Amino acid sequence: MIDFFPIEHIASSSKRKFGICDRPAPAADKAYIAENEGQDWIAVVDNHYQIKVNFVPIDHCIELRKENGKMDNRCDGCLFYEDAIIFVELKQRGGKDNYWIKEGEKTIAFHYQIF
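Remember, it's a predicted structure, so these values are computed and weren't measured experimentally.

Colleague: So what's going on with the overall build of the protein chain? Residues and values would help.
Modeller: Scanning the protein chain from N- to C-terminus turns up one helix and seven strands. Counted from the first residue to the last, the protein chain has its helices and strands arranged as β-β-β-β-β-β-β-α. A burial count over the protein chain gives 35% of its 115 residues as buried. Sequence-distant contacts in the protein chain: of pairs separated by 6 or more residues, those separated by 24 or more amount to 53%. Carbon and sulfur atoms provide 48% of the accessible area of the protein chain, an area that totals close to 7800 Å².

Following this line, the structure appears as structure tokens:
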């Protein structure tokens, strides 16, 4: 069974607003949360009730392998709090079509299947 919640990689925030950051491709670093607003924010979390929200990076942190042993696609991370889990896939727009959206949807759907 895959451990999606390795304690050593979990970060938390109770701020009203914080960001999720990830380096552009081909990044080798894991995604992370940042409480100080800045240019590194790719997504913004609106934590209206200022509850403790946890974030665990999945890409570059948790190994998900295909049957042939090769690394499978992994989403960037996962937000979780109380009884909610939200998989996060950060994408840069590319081209004139919506291919990047479809790829992100497939990655998120994959994680829900194995979770």
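Colleague: Which residues make up the nonpolar core, and what values do they have?
Modeller: Grouped together as the largest cluster of nonpolar side chains are 10 residues: Phe18, Ile20, Ala31, Ile33, Val45, Val53, Phe55, Leu79, Val88 and Leu90. Counting residues per element, the ones that place at least two in this core are β2 (17-21) and β5 (53-57). Grouped together as the second largest cluster of nonpolar side chains are nine residues, Cys75, Cys78, Phe80 and Phe87 included.

Colleague: Go over the side chain of Asp59 with me, naming the residues and quoting the values.
Modeller: Structurally, Asp59 can be placed in the loop between β5 and β6 (77-81). For Asp59, the residues in contact, after removing those within four places along its chain, are Lys30, Arg74, Cys75 and Asp76.

Colleague: Break down the packing of aromatic side chains for me, with residues and values.
Modeller: One pass over the structure, following the stated rule, counts one aromatic pair. On the basis of an interplanar angle of 70° and a centroid distance of 4.7 Å, the ring pair of Phe5 and Phe80 is categorised as edge-to-face. In this pair, Phe5 is assigned in the segment before β1 (11-13) and Phe80 in strand β6, connecting sequence segments 75 residues apart.

Colleague: Outline the pairing of strand β7 (residues 84-88), listing residues and values.
Modeller: Inspection of the sheet shows β6 paired to β7 by five bridges, in the antiparallel sense. Counted as the bridge partner of Leu79 is Ile86 from β7.

Colleague: Now, about the side chain of Ser13: what can you tell me, with residues and values included?
Modeller: Note on placement: Ser13 falls in strand β1. Within the structure, Ser13 has its side chain in polar contact with the backbone nitrogen of Lys15 (distance 3.1 Å). Not counting chain neighbours up to four residues away, the residues in contact with Ser13 comprise Phe18, Ile33, Glu35, Asn47, Ile51, Lys52 and Val53.

Rules behind the numbers
- Residues numbered from 1 in each chain as written.
- Predicted model: local features only at pLDDT ≥ 70, side-chain atom pairs only at ≥ 80, totals over all residues.
- Heavy atoms only, no water.
- Helix = DSSP H or I, 4+ residues; strand = E, 2+ residues; numbered from the N terminus.
- Buried < 20%, exposed > 50% of the residue type's maximum accessible area, 1.4 Å probe, protein only.
- Contact = heavy atoms within 4.5 Å.
- Areas by Shrake-Rupley, 256 points an atom, 1.4 Å probe, with all protein chains shown as cover.
- Core = buried A, V, L, I, M, F, W, Y, C linked by side-chain atoms within 4.5 Å.
- Phe/Tyr/Trp six-rings, centres within 6.5 Å; stacked < 30°, edge-to-face > 60°.
- Pairing = 2+ DSSP bridges.
- Polar contact = N/O pair within 3.5 Å; in protein donor to acceptor, adjacent residues only side chain to side chain.

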